[in-house]
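# A look at the structure
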Amino acid sequence: MLTVVLAGLRARWASFVGGFTALTLGVGLVAVMGLGLSATLRAPERAPERFASSPVVVQGRDRIAVEVRRGPGTAVVTTPLDRPQPVDRELLRELRARWTVMTSATDTTTPAAPAPAPAPPSATPAAPAAGIPLAAAPPGGPDAVGVDAPAVEVRALVGDRARVLTGAERRAVDPEAARDAQALVTLNALLGTAGGVTTFVSVFVVASTFAFAVALRRREYGLLRMAGATPGQVRRMLLAEATGVGIAASAAGCLLGAWGASRLARVLVDGGAAPSWFAIDPGAAAWPYHLAFWTGTTVALAGALAASRRAGRVGPTAALREADVDADVLPRGRALLGAALLLTGVGLMVWTCVTEPSELLKRKTYTTQPMLLITGVALLSPLLVRPAARAVRLWGATGMLVRENSATAVRRTAAVAAPVLVTVALAGTLLGSAATVTGAKAAEARRQTTAAYVTTPGKTLPLPASTPVPPAPPSVPPAPSAVPRASVAATGATSVFVREGAEALVKYGARAVADPAAWASYARLPVVAGDLRKLDDGSIVVNEEFERRTVGETVEVWRADGRGPVRLRVVAVLAKGTGDNGPYVTWANAPGATVDRIDADRPVRVPGGTVRTAGAWAAATHPTTTPQTRLGLLLVLGIALVYTVIALANTLLMATSVRGPELTALRLAGATRAQVLRVVAGESLLATAIGAVLGLAVTALCLGTLGTGLAALSAPVALTVPWGALGLAAGICAAVATAAATVPAWRLSR
């Protein structure tokens, strides 16, 4: 058996080149993504900067702890705060009484030094120009201090009133630490998505390659059966071939991954998707290589398993078969699996759209859900290509041959159409969904304000906690036309924490309103119930995501600094929208918030700020796609396109190389060499077009479901189809398919 396997590998090495190349590339990409993920698990070791000379750092509480129900008992859950609480003044006084305390990188206080008096509030220069009551931040201690003392003694004094950091932990108070952590989270998601798509496409391409190779070798298997080989021996021979190719390709792929890891890091840094310090060390971890190697071997065996079963069913009479008409092109198992995946994908999308439409707007959803549809349609492609080919009207003898050959050689047509379907569908769903979601966010942000101008300060503009809030409107509010239009409405980002269902603590990104009356005069939010003008220090505007969302109900919330809970009355409920609809609170319930947006009916200029029209502001703050997102999508689509090129070239080179008698018969019937080449090229183009149409159908279904979800969320619906990317992908596929088919046909038709 081993002799037969080795002889087959030597004799048919050309038919294994495509599968070997695809598997090598897949293993290399899995190794690269694994090494990248390993590098994102932790930031590089860097020395503390802010308190580099202090052996101990005392930091204010940076997490909120709330007791929730867990089964029959209770448990305490913690959630990070937007910013740490100031170090308690009494604790500061005790620390200064015993040790030297550093409040900044350059300022120290001697032991027992009295606490400095808070600076009196002073109006910022922007106040007169903007008409906003801006002032210094409310008095409060520093968020962290350095202490020159033994860590054990400091911990004994501090207790649970603050965090005590030593060694490398001191970097947690550096401004760059939070940005580094967020960058690593973003990179982790990007590389994880790319790795998942790589695995999906590699399994698909390798399985398709082995399946088509088996179809071309039916006469060979028939001869083996005629010579006395059992079905089990045929299956084992094919699996042995796949194992040999898989081991060799996996080893080569690991070497390729080690070579490409540092280059991927450079691409990510240059593209703005990773911080400048990000690097990948190919020798830092061994698990990515193990994962890639065994994944490659498993993929090769899995791709050959189904094909081996079909090969084992080939009878001895297949050796006498001369007809090129494909029969039994869709086995029952493949048909059932394809139908199940297709129905599951459609059902999952419909269920998500009906029960939780906001999930459709998340990247992990519109990246993974289309894969079920793509796989289902690809498995059913032999059932679809024949009617699609016969539906095309092509004139002349060449057109008739192209149409009939494509409809007759279903396996070849489906093997060409399937990878094109994958590329076109991925390009349409990924790029189209991302552009549709970001476009909806921009349109929603623009229509939610009637202001003519929006100012975004270049630096934080803090408001005092004592900012006067206008009295609540009467129980019967005046008509909207009777409400005087304010000139300036300042808001800022904050957060609130809500305990929902007694089992979970949920963090909501919120907006803090400085002047509710001014804000309500500009806001055009999708109000489901209530009145925005009733917002005051004792109330909150929520959205439909809140568990308690009935006007008049009270909600227990913890503020952004973790203090609370406070009970706020619901005065208005907003539709979910794209995720930016509330909640809204007054500035009194947003400690530490700063102004990041000023709506006005005239230009309001503040030092370092940018004044734009409302439309320009929406376009600038909600771009079509960020550079990081664009690079991630291009990385994923580039992987799919490379695999498609390999699959097309391999399939058509194998398929055309065995068409010598057919092409000779055409020449003997009077066809010229140019006519033969036109027939072969036309078949390739028709198969590519069928795959592109099927990919467009999957794209239309996904984008249509996304548009329905946006409508259910009361968000703007403006579906975006990336025609340029779709045309480019289809054009590259057509060019590769034509070249891979005509080059061997030119040689065979001499």
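Residues numbered from 1 in each chain as written. Predicted model: local features only at pLDDT ≥ 70, side-chain atom pairs only at ≥ 80, totals over all residues. Heavy atoms only, no water.

When helices and strands are tallied, the chain shows 20 helices and 19 strands. Taking all 750 residues of the chain together, 48% fall into the buried category. Put simply, 81% of the contacts in the chain that link residues at least 6 apart link residues at least 24 apart. Counting only carbon and sulfur atoms, one obtains 63% of the accessible surface of the chain, whose full area is about 33,100 Å². (Helix = DSSP H or I, 4+ residues; strand = E, 2+ residues; numbered from the N terminus. Buried < 20%, exposed > 50% of the residue type's maximum accessible area, 1.4 Å probe, protein only. Contact = heavy atoms within 4.5 Å. Areas by Shrake-Rupley, 256 points an atom, 1.4 Å probe, with all protein chains shown as cover.)

Between helix α18 (residues 660–668) and helix α19 (residues 673–712), the least distance of the axes is 9 Å, while the angle of their chain directions is 135°. Taken together, the axis directions place α18 and α19 in an arrangement best described as oblique. α19 is crossed by α18, and the crossing has right-handed handedness. Of α19, the residues touching α18 (which contributes L663, L666 and R667) are R673, V676 and V680. Here the contact of α18 with α19 is composed, by residue class, of four nonpolar, no polar and two charged. (Axes fitted to C-alpha atoms, helices over the stretch in contact; angles between N-to-C directions. Parallel < 35°, antiparallel > 145°, perpendicular 65-115°, else oblique. Left-handed = near helix turned anticlockwise from the far one by under 90°. Nonpolar A, V, L, I, M, F, W, Y, C, P; charged D, E, K, R; others polar.)

This brings us to the pairing of strand β6 (residues 144–148). The element β6 is extensively covered by neighbouring structure, given that four of its five residues are classed as buried. In this sheet, β6 lies alongside strand β1 (residues 56–59) in antiparallel orientation, the contact comprising four bridges. Note that in β6 the partner of V57 across the bridge is G146. Relative to β6, strand β4 (residues 100–102) is paired through three bridges, and the arrangement is antiparallel. Considered in β6, the bridge of V101 is made with V147. (Pairing = 2+ DSSP bridges.)

The first and last C-alpha atoms of helix α14 (residues 410–447) sit 52 Å apart over 38 residues, in line with the 56 Å expected at 1.5 Å per residue. Counting buried residues along α14, 33 of its 38 residues qualify, which places the element largely inside the surrounding structure. (Expected span 1.5 Å × (residues − 1).)

Another point: unusual backbone geometry. Look at S714: it is not a glycine, yet its phi comes out positive at around 60°. Structurally, S714 can be placed in the loop between α19 and α20 (723–748).

All right, on to the environment of L255 then. With respect to the helices, strands and loops of the structure, L255 is situated in helix α8 (residues 231–270). The class for L255 is exposed, based on a relative accessible area of 64%. A sequence separation of 231 residues divides L255 from T24, and the C-alpha atoms of the two residues are 9.4 Å apart.

Here we come to the packing of aromatic side chains. All chains considered together, the criterion is met by three aromatic pairs. Seen in terms of ring centroids, Y508 and F546 are 4.3 Å apart; in terms of plane orientation they differ by 20°. Their pairing is stacked. Separated by 38 residues along the polypeptide, Y508 in strand β11 (residues 504–513) and F546 in the loop between β13 (539–543) and β14 (554–558) bring together distant segments of the chain. F546 carries the same exposure label as Y508, and that label is buried. Centroid distance W519 to Y584: 4.8 Å. Interplanar angle 35°. Geometry classified as tilted. With W519 in helix α15 (residues 516–522) and Y584 in strand β16 (residues 584–586), this residue pair connects regions lying 65 residues apart in the sequence. Here W519 and Y584 have matching classes, each one buried. (Phe/Tyr/Trp six-rings, centres within 6.5 Å; stacked < 30°, edge-to-face > 60°.)

Reading predicted coordinates in detail is not appropriate for stretches of low pLDDT. Residues at a pLDDT of 70 or more form 82% of the chain, whose mean pLDDT is 78. Note on residues 105–139: pLDDT is under 50 here. Beyond four places in sequence and across chains, it has 56 contacts. Under a pLDDT of 50 for its full length, residues 460–486 has, in the predicted model, 51 contacts with residues more than four places off or in other chains. (pLDDT = per-residue confidence, 0-100.)

Let us look at a nonpolar patch on the surface. Nonpolar side chains collect at one region of the surface, where V346, V350, V354 and L701 lie side by side and expose about 320 Å² of accessible area between them. Ranked by the residues each element gives to the nonpolar patch, the list is headed by helix α10 (residues 332–355), at three residues. If you trace the backbone, V354 turns up in helix α10. Residue V354 is classed as exposed on the basis of its relative accessible area of 65%. (Patch = residues over 30% accessible without salt bridge, like charges linked within 9 Å, V, L, I, M, F, W, Y side chains within 5 Å. Salt bridge = Lys/Arg side-chain N within 4 Å of Asp/Glu carboxyl O.)

For the rest of this paragraph, the subject is the pattern of salt bridges. One pass over the full model with this rule turns up 16 salt bridges. Ionic pairing is found between E356 and K576, a salt bridge with its closest N-O pair at 3.1 Å. Remark: K576 occurs in the loop between β15 (566–574) and β16 and E356 occurs in the loop between α10 and α11 (363–379); sequence separation between them is 220 residues. With relative accessibility at 29%, the residue E356 sits in the partly exposed group. Close ionic contact of D531 with R533 constitutes a salt bridge, the shortest N to O distance being 3.0 Å. Each of R390, R403 and E404 takes part in one network of salt bridges that share partners.

Moving on, we come to the layout of surface pockets. The calculated volume of the largest pocket comes to roughly 1,300 Å³. Along its surface, the largest pocket is lined by 45 residues, and K441, T578, G579, D580 and H622 are the ones closest to its centre. Of all the elements in the fold, those that place two or more residues in the lining of the largest pocket are α11, α14, β10 (488–500), β11, α15, β18 (597–600) and α16 (614–621). Considering every element that reaches the lining of the largest pocket, the biggest residue donor is α14, with six residues. Counted by class, the lining of the largest pocket contains 16 nonpolar, 16 polar and 13 charged residues. (1 Å grid on protein atoms, 1.4 Å probe; cavity = no way out; pocket = protein on both sides within 12 Å on 5 of 7 lines; lining within 4 Å. Points joined across faces, edges and corners; volume = space filled by probe spheres on them.)

Once that is clear, we can look at the side chain of T688. Along the chain, T688 falls in helix α19. Here the side chain of T688 touches S684 through a polar contact of 2.8 Å, landing on its backbone oxygen. Those residues in contact with T688, other than ones at most four positions away along the chain, are V416, V420, A730, C733, A734 and A737. (Polar contact = N/O pair within 3.5 Å; in protein donor to acceptor, adjacent residues only side chain to side chain.)

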